[in-house]
Amino acid sequence: MVFLQLQMSEETQNTAKKSKKSAALEEEMSFFGHLAVLRWHLVRAALAIVVLTSLAFVYYDFIFDTIIMGPKKPDFWTYRMMCQLGERFNLGPEFCIKEIPFNIINTEMAGQFTLQINSALIVGLILGFPYLLWEIWRFVKPALRTNERKSATGFVFFATLLFILGILFGYYIICPLSINFLANYTVSSIIVNNISIDSYLSTVATLTLGSGIIFELPIIIYILSKLGMMTPKFMRKNRSYATVLILIIAALVTPTPDIFTMLTVSFPLFLLFEISILVSAKVDRKRKKSEVEFYSN
């Protein structure tokens, strides 16, 4: 009798071990299955970016002369608007930018070829970003509950809209003001500014793309708030630190010390921060409402 009980106990343990191994195997297969699905989403997004990069490579004359070299030209839209504002509000002759005092040079044998490849890739990434967001959304969407899908409706649209606004703000405001400031900043009159094309392209791309990413702040705050990692109370408590940081950034990129230009740069950043607080507060209210409904049932 004791032998039969021991044998049954061993069989039960073996069955439990087999079920655990089976569950672990299914979980592992599910994990790799999700990775395979994610891989194809990323592959499609990468192919779209490659196609857009190829188009940018073909039509590179317009991209280089008009877009990349735009902030270097005194007749750039931003500089013309600054001259008109300076005349209308009597901001002084220094507010009107009529010259960007530096020369662009190439110091490497393959420099111009790599310039064309790198800048075409940057343009392809910017144009392909909305499609990349859409592929990521297609991957995440099946794992969401019905109420989560409803609350995340418009994710691709709003993320794309904020990215485009950030790109435009970075290209037409941050980039030209920064280039003008750095071009006119000198420590000695004997130093001539001969800027390599790689340095110039890196500056334009970093400021433009960086601004596009910064404008995604409300989306990032929304995700962090959904995960419980960010609260409106924390953001309101640290509003003063955010204000100081925004003003420092605005002061660094503005060409003149006047308050008008500084506010022009800082206002969208303040607005983004306040919108992020509202987004976090909305998510927090929904989460608390769901908790009350759950515990009341």
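Residues numbered from 1 in each chain as written. Predicted model: local features only at pLDDT ≥ 70, side-chain atom pairs only at ≥ 80, totals over all residues. Heavy atoms only, no water.

Q: Break down the pattern of salt bridges for me, citing the residues and quoting the values.
A: Applying the stated criterion across every chain yields a total of 3 salt bridges. One salt bridge in this structure joins Glu135 and Arg44, with 3.4 Å as the shortest N-O distance. Linking Glu135 in helix α4 (residues 111-140) with Arg44 in helix α1 (residues 2-58), this pair joins segments that are 91 residues apart in sequence. Put simply, Glu135 and Arg138 hold a salt bridge, and the shortest N to O gap is 3.6 Å. One end of the pair, Glu135, and the other, Arg138, are both in helix α4, 3 residues apart, so they sit about a helical turn from each other. Residue class for Arg138 comes out partly exposed when judged on its relative accessible area of 35%. By sharing partners, the salt bridges in this structure join Arg44, Glu135 and Arg138 into a single network. (Salt bridge = Lys/Arg side-chain N within 4 Å of Asp/Glu carboxyl O. Helix = DSSP H or I, 4+ residues; strand = E, 2+ residues; numbered from the N terminus. Buried < 20%, exposed > 50% of the residue type's maximum accessible area, 1.4 Å probe, protein only.)

Q: How would you summarise the nonpolar core if you had to cite specific residues and measurements?
A: One finds Ile100, Ile179 and Tyr200 to be the most contacted residues of the largest nonpolar core, which totals 42 residues. Setting aside chain neighbours within four positions, we find Tyr200 in contact with Ile68, Met69, Pro71, Lys72, Phe102, Ile104, Ile179 and Ile195. Ile221, Met235, Ala242 and Ile277 belong to the second-largest nonpolar core, a separate cluster that totals 6 residues. (Core = buried A, V, L, I, M, F, W, Y, C linked by side-chain atoms within 4.5 Å. Contact = heavy atoms within 4.5 Å.)

Q: Describe the confidence of the model for the chain, naming the residues involved and giving the relevant values.
A: For the chain, the mean per-residue pLDDT works out to 82, and 84% of the residues sit at or above 70. Confidence, read as mean pLDDT per element, is least for α1 in the chain (69) and greatest for strand β1 (residues 103-105) (93). (pLDDT = per-residue confidence, 0-100.)

Q: Describe the state of the cysteines, with residues and values.
A: Scanning the model with the defined rule gives 1 disulfide in all. One disulfide bridge connects Cys83 with Cys96, the sulfur atoms lying 1.9 Å from each other. Disulfide Cys83 to Cys96: torsion about the S-S bond roughly 85°, handedness right-handed. With a gap of 13 residues between them, Cys83 in helix α3 (residues 77-89) and Cys96 in the loop between α3 and β1 connect regions that are remote in the sequence. Using a relative accessible area of 19% as the deciding quantity, one classes Cys96 as buried. (Disulfide = S-S within 2.5 Å.)

Q: Explain helix α2 (residues 60-68) to me, using residue names and the numbers behind them.
A: When α2 is considered as a whole, its buried residues turn out to be Tyr60, Ile63 and Ile68. Looking straight down α2, one finds its buried side chains confined to an arc of 60°; they lie on one side. Turned more than 90 degrees off the buried face of α2, the exposed positions are Asp61 and Phe62. (Arc of directions from axis to C-beta.)

Q: Give a description of the packing of aromatic side chains that names residues and reports values.
A: All chains considered together, the criterion is met by 13 aromatic pairs. With a centroid separation of 5.5 Å and 90° between ring planes, the pair formed by Phe76 and Tyr171 is classed as edge-to-face. Here the residue Phe76 occupies a position in the loop between α2 and α3, and Tyr171 occupies one in helix α6 (residues 155-184), the gap between them amounting to 95 residues. The buried category is assigned to Phe76, whose relative accessible area is 8%. Classification of Tyr171 as buried rests on a relative accessible area of 11%. Judged by centre distance (5.6 Å) and plane angle (10°), the ring pair of Phe76 and Tyr172 falls under stacked. Linking Phe76 in the loop between α2 and α3 with Tyr172 in helix α6, this pair joins segments that are 96 residues apart in sequence. (Phe/Tyr/Trp six-rings, centres within 6.5 Å; stacked < 30°, edge-to-face > 60°.)

Q: Outline the side chain of Thr160, listing residues and values.
A: The residue Thr160 is located in helix α6 in this model. Residue classification places Thr160 among the buried positions, given a relative accessible area of 13%. Residue contacts for Thr160: discarding those within four places in its chain leaves Pro130 and Leu133.

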